[in-house]
Amino acid sequence: MEKFFFEDDNNRVTGKAVVTGKAKYAAEHEVEGVVYGVLVGSTIAKGSIIAIDTKAATKAPGVMKVITHENSYKVPGYDYGGNPAKGLTGGKGLQVFNGNTIYFAGQPIALVIADSYERAVYAASLIKAQYNQDVHATDFAEMGKSVIAVEGQRYKDNIRGEADAYKNAAVKLEAEYIVPNEVHNPMELHAVIAKWGADDKLTVWEKTQGVKSAQRSIAAAFKLKEDDVQVFAPFVGGGFGSALRTWPHSIAAVIGAKMVKKPLKLVLTREQMFQLVGYRPYTKQRIGIGADKDGKFIGITHEADGVTSMYEEFTEGTVNVSKILYQCQNVTTRYKLYPLNLSTPTWMRGPGEATGCFALECAIDELSYLLNIDPLELRLKNYAETDPERNRPYSSKFLKEAYQLGADKIGWKDRDPRPASMKQGEWQVGYGMSTGLFNAGRGNAKASAKLYADGTLIVQTAVSDSGPGTQTSMTMIAADMMGLPVNKVTFEYGDSSLPPGPTQGGSTTTSTLGSAVYGVCFALQNKIIDILKTDGTFNKTDLKVEDVSFTDGGVLLKSDPAKKRTYSDILSKAKLNQLEVSDDSKASEQMRNYSAYSYSVHFVKVLVHSKTGVIKFDKIVATADAGKIISPKTARSQMIGGVVGGIGMALMEEAVIDNRFGKYINNNFADYHVPVQADVPEIEVAFVNKPDPILNPIGAKGMGEIALIGFAAAVSNAVYHATGKRVRDLPITLDKIM
Amino acid sequence: MSHNEKLLNDDCHNSRRGFLKKSVAATAIALAPNVIVKAAEDGLDEKAAGYFEKTNIKLTINDIDYSLSIEPRTTLLDLLREQLHLTGSKKGCDYGQCGACTVHVDGKRVLSCLSLAVMQEGKHITTIEGLAKGDDLHPMQQAFIDHDGFQCGYCTPGQIMSAVACVREGHANSPEEVRQYMSGNICRCGAYNNIVDAIIEVKRKGGTI
Ligand code: FES
Ligand code: FES
């Protein structure tokens, strides 16, 4: 443990597989006899199917089957013949091919299966559906008017202290902020290959952020024993939340494979990625914030109206940020959910908090100008030293340090604080900043480790990695614990039959799994100590882990470093080919008395063209208190990646619906803009890099979400500083500045 | 026409892909023998499709010669991925909007999702699988590893193929120029900074790549 903290910069362990094209993503596994499925979507947004004409498609060359609600295999875990109007379920997704009700445009109405991809695509184009069309609701402007909020306990108002206390403050601000529908759009199209084997055993290659959760969902749908479903996801081409759930298309593929008795591959199109795998929901927020003349917050009221589908509730912690980010006695939050004829949204990088921080962090900036106090100073004046919501200490909080790091790097104190005061030629110059936070959690996980007589180590757990570099950081933890070079350690993952690991989401993977890998290596160390106690090596029957160092592929006695034994020596002397241990890792009891959050601070310097309104980044600095940084190289990349996602959120991303038809009109990469090379300047990253002493044994918090959370507010604040124009609805496009 | 009839007649698949594939079929019909055209007009076009589905072509991929019988509507990307199991070239959009499918055709970067395989007769194609010389990585591949030029890795083969071409084209003289000439390759993980660093390093080191 003594040299646990990494100073060296290691490359990703997946590097060679990726750059040579050998890494296999979901649709790329070679499965003998695979056939192709193509989904056909509804062309209306609400109504019911009267009839589907599948004749032409069925007759087309190579077609093996066309599946619709009329002939689908009945999924045992589905509830057939239920009342489609019975209300929203909490977390039960769309049941594919169950009934003829249409809830949203693009909802799968048929699966065409053929022996080649081209034939399946062609045959799918021959499907004709006849609908009874109803009047759909997709217009956000109708929320609270013709579209009524869902009733229910989960949406109760929450009042801490006095309700709406901001109204009585000396200085106050009320403003409305809008975050539009944004779509994750990972580069890998969602894809699945399903193969039924003998005895109803099922193998699924799935794009998923959780091989165990996918296994459980599929087993539940088909009423199989979990062990009879094996899910593989060795490489996942991005997720950002879209691959946290098992979506209807995956169930459709399993149905299809069952019905044609052949392995079936199904890949969504980019358009379908807008309809079938979730999105960040449009949310309209109102903030009321008030302070006394010195800038002390008197009250915050945060209200949010979010969107969900017609068949399922999706809620997120949008308003929670106002309860926890700053010290403020009186906080009122109200959250309403409006069902529309869209598919169910899902968690998208920094879910809830990213939306909530956009509003709160803009509002604080606005308030700072009313108070005539520097925005950073205003935040420091209201710094929470203990968790204001739960009234307990933080396991660690180094947000002040993160502010300082960022402020120094961007040159915050050199700016002229007056709006529209700074210029560079034709460009107006603006500085903006924001804070982001996300819960730092630790869940349960199990890992196993095998140390071999040749001095190699295999660590196993059922996790998948959609990009952050979990394989790399886990390999590094194991290598460091056991004193082995990284190339002697293999981290095996991406297979649901391995010991249960966590889903990669909510910024908890490193904390949860890193602790499990740490734990299993610690167990292995103890097992080695047990052998050394009795084999006479060190003549010490009371030998303890603390007495030795695990280093250079073996063990050395601290009191007498000349006494060193390699793992090979130890195992061969004990006549063992391998040592195997496993460990169940759980959150510590101690954490019950603490709160844990990761924090990010974003500083940006923007240039806004005075004639055209074009926005360019001159400098971006992202700093974070994410606890101990396990793998510096991949951590920096993850932070940069979050900022790039934030640039998209701030300046370009919006999935636009044509309300006449209830359909997206920019459902492709030419029209839904995401940042490309030319949009992204050099991004400077700095970590506080101090371990959290309580959350887990490795000291890491989490980083995936905070990398993005708050960034859009920093941009909006900088644009205001540059131009004096406040843009409260994302994305900040030129027309809103001109 | 009633509302429902109109919906019935709506083509649910007026995607660009559908259009591409259907127009290829239409071109083929124009060149097809009368009997097939007749069959097509009689609404038997699915049967008709069977007559002209396959065409023979010869091409070279990663220095291996292939003689293939393929459907005219097959894209180069789908040929590589689905028939030849060369899955290094990625499908990110299928519409020429993301760069994930970038390969080299006769040394030039090309979007394989926008190229029909039948148009590659006699061409030399290099995919990411053909870039390394045996176990020796191409300098651009090594630079991507060293600079952590990716996260999930899905856009990476396309980025690397584009990056190699970008240097060969003489468009890697400054980070700013690289940003412009690499803007056709989307990386949703946002590895852009590191990709620029990798390309600039390869360019700086010189040598033929
Ligand atoms: S797959 Fe060819 S450009 Fe996107
Ligand atoms: S590395 Fe994931 S899209 Fe580029």
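Residues numbered from 1 in each chain as written. Chains lettered and ligands numbered in written order. Predicted model: local features only at pLDDT ≥ 70, side-chain atom pairs only at ≥ 80, totals over all residues. Heavy atoms only, no water.

## Topic: the overall build of chain B
The following threshold applies: Only DSSP runs of H or I with at least four residues qualify as helices, and only runs of E with at least two residues qualify as strands; both kinds are numbered from the N terminus onward. When accessible area is computed with a 1.4 Å probe and restricted to protein chains, residues below 20% of their type maximum are described as buried, those above 50% as exposed, and intermediate ones as partly exposed. Here, residues are in contact when the closest pair of their heavy atoms is within 4.5 Å.
Broken down by element type, chain B carries eight helices and five strands. Element order for chain B, N to C, with α for helix and β for strand: α-α-α-β-β-α-β-β-β-α-α-α-α. Expressed as a percentage of the 209 residues in chain B, the buried residues total 58%. For chain B, restricting intrachain contacts to residue pairs at least 6 apart in sequence, the fraction spanning at least 24 positions comes to 55%.

## Description of the packing of aromatic side chains
Rule in force here: Stacked, tilted and edge-to-face are the three classes applied to pairs of Phe, Tyr and Trp rings, where Trp contributes its six-membered ring and a pair requires centres within 6.5 Å; stacked means planes under 30 degrees apart, edge-to-face means over 60, and tilted covers the rest. Only lysine NZ and arginine CZ atoms are considered, and such an atom sits over a ring when it is within 6 Å of the ring centre and within 35 degrees of the ring normal.
This model, assessed by the stated rule, comprises 23 aromatic pairs over all chains. Measuring from centroid to centroid gives 6.3 Å for A:Tyr518 and A:Phe522, while their planes differ by 5°, and the two rings are stacked. Highlighted residues: A:Tyr518 and A:Phe522, both in helix H12 (residues 509-534), separated by four residues, approximately one helical turn. Of the residues examined, A:Phe522 reaches a relative accessible area of 36% and is grouped as partly exposed. By the ring-pair criterion, three or more aromatic residues cluster together here, those being A:Tyr25, A:Phe235 and B:Tyr154. The ring of A:Trp196 is capped by A:Lys258, whose NZ or CZ atom sits 4.1 Å from the centre of that ring. When the ring centre of A:Trp427 is taken as origin, the NZ or CZ atom of A:Lys616, which lies over that ring, is 4.4 Å away.

## A short note on the pattern of salt bridges
The condition that has to hold: Here a salt bridge means any side-chain nitrogen of Lys or Arg lying within 4 Å of a carboxyl oxygen belonging to Asp or Glu.
This structure, assessed with the given rule, holds 49 salt bridges over all chains. With a closest N to O distance of 2.9 Å, A:Glu28 and B:Lys90 form a salt bridge. Of this pair, A:Glu28 sits in the loop between helix H1 (15-19) and strand S1 (35-41) while B:Lys90 sits in the loop between helix H4 (76-83) and strand S3 (102-105), on two different chains. Here A:Lys265 and B:Glu82 are joined by a salt bridge, their closest N and O atoms 2.7 Å apart. With A:Lys265 in strand S13 (residues 264-267) and B:Glu82 in helix H4, the pair connects residues from two separate chains.

## Observations concerning the confidence of the model for chain A
Put simply, the rule is: Think of pLDDT as the predictor's per-residue confidence, scored from 0 to 100.
For chain A, mean pLDDT is 95; residues scoring 70 or higher make up 98% of the total. Counting interchain partners and residues more than four positions distant, the pLDDT-below-50 stretch residues 1-7 of chain A has 18 contacts.

## Side note on the side chain of A:Arg379
All names here are of chain A. We count it as follows: Residues adjacent in sequence count toward polar contacts only when both atoms are side-chain atoms; beyond that, a polar contact is any pair of N or O atoms within 3.5 Å, and within protein one must be able to donate a hydrogen and the other to accept it.
Inspection of the secondary structure puts Arg 379 in helix H9 (residues 375-381). Residue Arg 379 is classed as buried on the basis of its relative accessible area of 0%. Engagement of the side chain of Arg 379 in a polar contact is seen with the side chain of Tyr 326, the distance being 3.3 Å. Beyond its immediate stretch of four places on either side in the chain, Arg 379 contacts Tyr 326, Glu 361, Ile 364, Asp 365, Tyr 403, Met 433, Ser 434, Thr 435 and Asn 717.

## Thoughts on the sheet that holds S3(B)
All names here are of chain B. Inclusion rule: Any two strands with at least two DSSP bridges between them are considered paired. Structural elements are reduced to axes, namely lines fitted to C-alpha atoms, with helices fitted over the stretch in contact, and the angle between N-to-C directions of any two is expressed from 0 to 180 degrees.
The strand order across the open sheet built from five strands is S2-S1-S5-S3-S4, with neighbouring strands paired in mixed fashion. A single partner strand is all that each edge strand has here, and the edge strands are strand S2 (64-70) and strand S4 (108-111). Put simply, the sheet's adjacent strands are angled 40° from each other on average, direction ignored. The sheet strands contacting helix H6 (residues 156-168) are S3, S4 and strand S5 (124-126), and the helix crosses S3 at an angle near 45°.

## Thoughts on the pairing of strand S20 (residues 445-452) of chain A
Each regular strand displays side chains that alternate between the two surfaces of the sheet. Residue and element names in this part refer to chain A. Burial runs high along S20: six of the eight residues are buried. Note: S20 against strand S26 (residues 578-585), eight bridges, orientation antiparallel. Across the sheet, residue Tyr 452 finds its bridge partner in S26, namely Gln 578. Two elements, S20 and strand S21 (residues 457-460), share four bridges in a ladder whose sense is antiparallel. Pairing of Leu 451 across the sheet is with Leu 457, part of S21. Counted between consecutive antiparallel strands, the loop separating S20 from S21 contains four residues, among which Gly 455 sits at a positive phi close to 80°.

## Some points on the environment of A:Cys357
Residue and element names in this part refer to chain A. Along the chain, the position of Cys 357 falls in helix H8 (residues 353-371). Take Cys 357: its relative accessible area is 0%, and that puts it in the buried class. In this structure the C-alpha to C-alpha distance between Cys 357 and Leu 651, which are 294 residues apart in sequence, comes to 16 Å. If we skip the residues at most four places from it in the chain, Cys 357 touches Val 321, Leu 325, Cys 362, Thr 435, Gly 436, Leu 437, Ile 709, Gly 710 and Ala 713.

## Here's the deal with the pairing of strand S15 (residues 297-308) of chain A
All names here are of chain A. Of all 12 residues in S15, 11 are buried; the element is thus mostly enclosed. In this sheet, S15 lies alongside strand S14 (residues 283-291) in antiparallel orientation, the contact comprising eight bridges. Counted as the bridge partner of Arg 286 is Glu 303 from S15. Turn length for the S14-S15 hairpin, with the two strands adjacent in sequence and antiparallel, is five residues, and the turn residue Gly 295 shows positive phi of about 95°. Of the pairings in the sheet, the one linking S15 to strand S17 (residues 330-339) comprises 10 bridges and is parallel in character. Across the sheet, residue Ile 300 finds its bridge partner in S17, namely Val 331.

## Focus: the domain arrangement of chain A
Residues and elements named next belong to chain A. Short version of the rule: For the domains described, the bounds stem from an automatic or database domain assignment. Buried area adds together the accessible area that both of two parts lose upon being put together, with accessible area traced by a 1.4 Å probe.
As assigned here, chain A comprises domain 1 (26-134 + 187-238 + 243-276), domain 2 (280-441 + 592-737) and domain 3 (443-586). Look at where the C-alpha atoms of domain 2 and domain 3 centre, and you get two points 39 Å apart. When domain 2 packs against domain 3, close to 1,200 Å² is buried across both sides, 63% of that on carbon and sulfur atoms. Of all residues in domain 2, the largest losses of buried area upon contact with domain 3 belong to Gly 441, Ile 630 and Ile 698, amounting jointly to 37% of the total for that side. At the boundary of domain 2 and domain 3, one finds zero salt bridges. Connecting domain 2 to domain 3 are five residue pairs in polar contact (both at pLDDT 80 or more). For the side of domain 2 that touches domain 3, the elements supplying multiple residues, two or more each, are strand S19 (427-439) and helix H14 (632-651). Among the elements that line the side of domain 2 that touches domain 3, the one with the most residues is H14, at three residues.

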